[in-house]
Amino acid sequence: MPSSSPSTTAATTPTARSTREGAGPAAASPHAYDAGLLLLRLVLGLTMAAHGSQKLFGWFGGGGIDGTGQFFTMSGYPAGNAMAVVAGLTEVLGGLGLAVGLLTPLAGAAVVGTMVNAIAVTWGGGFFAPKGDEYELLLTAGAVALALTGPGRYAVDRFLPVLKAHRLAYGVAAVLVGLATAGVILLLRK
């Protein structure tokens, strides 16, 4: 009969075996993963919130609602000022949601929706800046990644019962909502 003593059980587990034999890496720190997600959320979220404040308030050299509204009108969107408010609010609220990790899948979807429209406006200028889409694509990919992976441990979502345990399905559904909303807005564009 096999022994179930703690030393035998610990020695035969895959982690203990690979560490003991030197065949595998030491156990990864879960905090490294969460710290990386926190950094990504903060940089991406605060960048988006700053972009939204350019549209809404004219901060950071932005055009405010009137200037941004004129840009939206010239880009073929109806009701330019209303679209400026919608885009600005979406970027500020989505960005802040990502930064603090609040309703992360939906915050990511908000960023995806606005960035898909930004890509549609700038499309055709190549990939690289100053006229390309590399910046918009990077922000979009970061938002999709956060919606799919969740915010990590250092987030407000950890205190919300429904989102405490992030599910891939939440992220996929949110990204699809963001893409569908972006598609509807693009259909309004002339």
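Our subject is the structure listed above.
By convention here, each chain's residues receive numbers from 1 onward along its written sequence. pLDDT decides what is reported in this predicted model: residues at 70 or higher carry local features, side-chain atom pairs at 80 or more are listed and counted, and totals for whole chains, interfaces and linings draw on all residues regardless. Heavy atoms from the whole structure form the basis of all side-chain values; hydrogens and water molecules are not counted.

With that out of the way, let us pick up the nonpolar core. Core analysis: the largest hydrophobic core is formed by eleven residues, namely Leu37, Leu44, Met48, Leu98, Ala107, Val111, Val112, Met115, Leu139, Ala143 and Leu146. Within the residue set of this core, elements represented by two or more residues are α3 (30-57), α6 (104-122) and α7 (134-149). Here this core takes four residues from α6, the largest share from any one element. Contact between two residues is taken to exist if any of their heavy atoms lie within 4.5 Å; hydrogens are not considered. In this structure, Leu44 is in contact with Leu98, Leu139, Gly142, Ala143 and Leu146, ignoring residues within four places of it in sequence. Among the buried residues, those of types Ala, Val, Leu, Ile, Met, Phe, Trp, Tyr and Cys that are joined through side-chain atoms within 4.5 Å form a nonpolar core. Residue exposure (1.4 Å probe, protein chains only): buried if accessible area is under 20% of the type maximum, exposed if over 50%, otherwise partly exposed. Of all hydrophobic cores here, the second largest spans five residues; its members include Phe72, Met83, Ala84 and Ala87. Secondary structure elements follow DSSP: runs of H or I of four or more residues count as helices, runs of E of two or more count as strands, with numbering from the N terminus.

What the largest pocket holds in volume is close to 640 Å³. For cavity detection a 1 Å grid was placed over the protein atoms alone, and a set of points counts as a cavity when a 1.4 Å probe fits there but cannot get out; an open set counts as a pocket when protein lies on both sides within 12 Å along at least five of seven lines, with lining residues being those that have an atom within 4 Å of a point. Lining the largest pocket are 31 residues, and of these Lys55, Phe72, Ala87, Glu91 and Thr114 sit closest to its centre. Contributions of two or more residues to the lining of the largest pocket are made by α3, α4 (64-74), α5 (80-100), α6, α7 and α8 (168-188). Considering each element in turn, the lining of the largest pocket owes the most residues, ten residues, to α6. Grid points are joined across faces, edges and corners, and a volume is the space filled by probe spheres set on the points.

Quick look at unusual backbone geometry now. Positive phi is not limited to glycine here, since Phe60 has a value of about 55°. Within the fold, Phe60 resides in the loop between α3 and α4. The phi torsion at Leu103 lies on the positive side, around 50°, for a residue other than glycine. Among the secondary structure elements, Leu103 is positioned in the loop between α5 and α6. When its relative accessible area of 38% is taken as the criterion, Leu103 is described as partly exposed.

All we've got here are geometric facts, nothing functional implied.
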